[in-house]
Amino acid sequence: MVNPLTVEIAGLKLANPTMLAAGILGMSGLTLERVAEAGAGAVVTKSLGLKSRSGYTNPTVVQVEGGLINAMGLPNPGIEYFLQGVQQTREVKVPIIVSIYAFSPEDFALIAKKALKMGVDALELNVSCPHAEGTGAEIGQDPRLVEEVVKEVKRGVDKPVFVKLTPNVVNIAEIAKAAEKGGADAITAINTVKAMAIDVETAKPILGNKIGGLSGPAIKPIAVRCVYEIYDEVKIPIIGCGGISTWQDAVEFMEAGASAVQTGTAIATKGLNVFKQVTDGIEAFLEKKGFGSVKEIVGLSHQN
Ligand code: DHB
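First, a word on what this report is: a plain description of the structure on this page. Owing to the predicted nature of the structure, the values given are computational and were not obtained by experimental measurement. (Residues numbered from 1 in each chain as written. Predicted model: local features only at pLDDT ≥ 70, side-chain atom pairs only at ≥ 80, totals over all residues. Heavy atoms only, no water.)

**Concerning the state of the cysteines**
Taken as a whole and assessed by the stated rule, the structure comprises 0 disulfides. Looking at Cys 241, it has no disulfide partner, and the nearest cysteine sulfur is the one in Cys 226, 11 Å off. (Disulfide = S-S within 2.5 Å.)

**Points about the site of the ligand**
Near the ligand, the surroundings consist of 13 residues, among which Lys 46, Met 72, Gly 73, Leu 74 and Asn 191 are the closest. Here an oxygen atom of the ligand and a side-chain polar atom of Asn 126 are 3.2 Å apart. Within the side chain of Asn 191, one N or O atom sits 2.6 Å away from an oxygen atom of the ligand. Calculation on the ligand without its partners gives an accessible area of 290 Å², and the protein chains cover 92% of this total. Broken down by class, the residue content of the shell around the ligand amounts to 6 nonpolar, 6 polar and 1 charged. (Near = heavy atom within 4 Å. Polar contact = N/O pair within 3.5 Å; in protein donor to acceptor, adjacent residues only side chain to side chain. Areas by Shrake-Rupley, 256 points an atom, 1.4 Å probe, with all protein chains shown as cover. Nonpolar A, V, L, I, M, F, W, Y, C, P; charged D, E, K, R; others polar.)

**Quick notes on the packing of aromatic side chains**
A complete count under the given rule lists 2 aromatic pairs for this structure. Between Tyr 101 and Phe 103 the ring centres are 6.0 Å apart and the planes differ by 85°, which places this aromatic pair in the edge-to-face class. An angle of 40° between the planes, with centres 5.6 Å apart, marks the rings of Trp 247 and Phe 285 as tilted. You can see Trp 247 sitting in helix H8 (residues 247–256) and its partner Phe 285 sitting in helix H10 (residues 274–289), a full 38 residues away along the chain. Overall, Phe 285 belongs to the buried group, its relative accessible area being 10%. (Phe/Tyr/Trp six-rings, centres within 6.5 Å; stacked < 30°, edge-to-face > 60°. Helix = DSSP H or I, 4+ residues; strand = E, 2+ residues; numbered from the N terminus. Buried < 20%, exposed > 50% of the residue type's maximum accessible area, 1.4 Å probe, protein only.)

**A look at the environment of Glu 80**
Along the polypeptide, Glu 80 turns up in helix H2 (residues 79–89). A sequence separation of 38 residues divides Glu 80 from Met 118, and the C-alpha atoms of the two residues are 8.4 Å apart. Every residue in contact with Glu 80, bar those within four places of it in the chain, is listed here: Lys 114 and Met 118. (Contact = heavy atoms within 4.5 Å.)

**What about the sheet that holds strand S3 (residues 18–20)?**
Pairing in this closed barrel of 8 strands is parallel, and the strands run S3-S4-S7-S8-S9-S10-S15-S16 around the ring. Strand-to-strand twist across the sheet, computed as the mean angle between neighbouring axes with direction ignored, equals 25°. The sheet contact formed by strand S10 (residues 186–189) and strand S15 (residues 238–241) spans 3 bridges and is parallel. Note that in S15 the partner of Thr 188 across the bridge is Ile 239. Against the sheet, H10 makes contact with S3 and strand S16 (258–263), and its axis sits at roughly 165° relative to S3, the strand it touches most. (Pairing = 2+ DSSP bridges. Axes fitted to C-alpha atoms, helices over the stretch in contact; angles between N-to-C directions.)

**Some remarks on the environment of Val 92**
By secondary structure assignment, the location of Val 92 is in the loop between H2 and strand S7 (96–100). Placed 60 residues apart in sequence, Val 92 and Leu 32 show a C-alpha to C-alpha distance of 6.7 Å. Beyond its immediate stretch of four places on either side in the chain, Val 92 contacts Gly 29, Leu 32, Glu 33, Ala 36 and Val 43.

**With respect to the pattern of salt bridges**
For the coordinates displayed, the defined rule picks out 12 salt bridges. Residue Asp 185 is joined to Lys 154 by a salt bridge in which the shortest nitrogen-to-oxygen separation is 2.8 Å. You can see Asp 185 sitting in the loop between helix H6 (172–182) and S10 and its partner Lys 154 sitting in helix H5 (residues 143–156), a full 31 residues away along the chain. Its salt-bridge partner being Glu 229, residue Arg 225 comes within 3.1 Å of it at the nearest N-O pair. (Salt bridge = Lys/Arg side-chain N within 4 Å of Asp/Glu carboxyl O.)

**Some remarks on the sheet that holds strand S11 (residues 193–195)**
In space, the 4 strands of this open sheet follow the order S5-S6-S14-S11, with antiparallel pairing throughout. The open sheet has two free edges, formed respectively by strand S5 (61–64) and S11, since each of these has just one partner strand. Direction aside, the axes of adjacent strands within the sheet are offset by 35° on average. Where strand S6 (residues 67–70) lies against strand S14 (residues 212–215), 3 bridges are found, and the strand directions are antiparallel. Across the sheet, Asn 70 pairs through a bridge with Gly 213, a residue of S14.

**A few points about the packing of H5 against H6**
Between two packed helices, the angle of one axis relative to the other and the distance separating the axes together describe the packing. H6 packs onto H5 with a crossing angle of 25° between their chain directions and a minimal axis gap of 7 Å. The angle between H5 and H6 falls in the class roughly parallel. Considering the relative orientation of H5 and H6, their crossing is right-handed. Contacts between H5 and H6 involve Pro 143, Val 146, Glu 147, Val 150, Lys 151 and Lys 154 from the first element and Glu 174, Ile 175, Ala 178, Ala 179, Lys 181 and Gly 182 from the second. (Parallel < 35°, antiparallel > 145°, perpendicular 65-115°, else oblique. Left-handed = near helix turned anticlockwise from the far one by under 90°.)

These values are about where atoms sit, not about what they do.
Below is the structure:
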């Protein structure tokens, strides 16, 4: 009998449709291993660049109603140092997707090649960090740049390339179409929503960078809408991301058009158990509704 929870995203086989989102816990081989053991179907690393970067000054995260606002400033040890650490662990038994960022299409391609040489399963291009200068959403808001970056990366690699999009645009489906035209194998939607918080007593912006990205339950309806709009415009699979913390959230994203879902902020509130809770809930839902596979609910809301 086929396992109702297995999915295939651009040739990548996942035991279940849940994934660790970029940015949370994907800091080392050891943490990725723990997330995989907790039940994630795949894991995405923190965004890595060509060189190490120390990030912004503290505070870099603030809790607000409905989620977290973060502006870390892309701190990372550089792609090679990070992946050497992951290679030494070698115990992650689910696909590893490396999130990468760069300041030019050429550097995106260079980092992509370095990552794949070190044996990772897929790449996720971060063209959506809402506050970094010269990278992230500054690329991801321009369909021509997105297409160019994806094309350049795809020219040099033979593994699946996901493109993570920013919701901070007028027409996200247009950006998704540009990524598809460039050769993307899947779309991840969405990255954080541009946001800020101010301390009322001191009248000071709380984050060191002042502006950050909102994640968590507050952005779920925005993310569901984005997935729904993208599903109508592209043929490649969509990976839903944004405020997913329960199986109902996951099913909602899949009915909107997502083939898999990513969870990040919910780990801070629910712990690593969230992956198993979501997967068990999806399985019970499929059985209750008489579906033989989770694939049958993808995009279902578009019929209504
Ligand atoms: C950071 C934040 C993001 O939302 C993102 O996509 C990448 C990096 C950060 O501040 O490090």
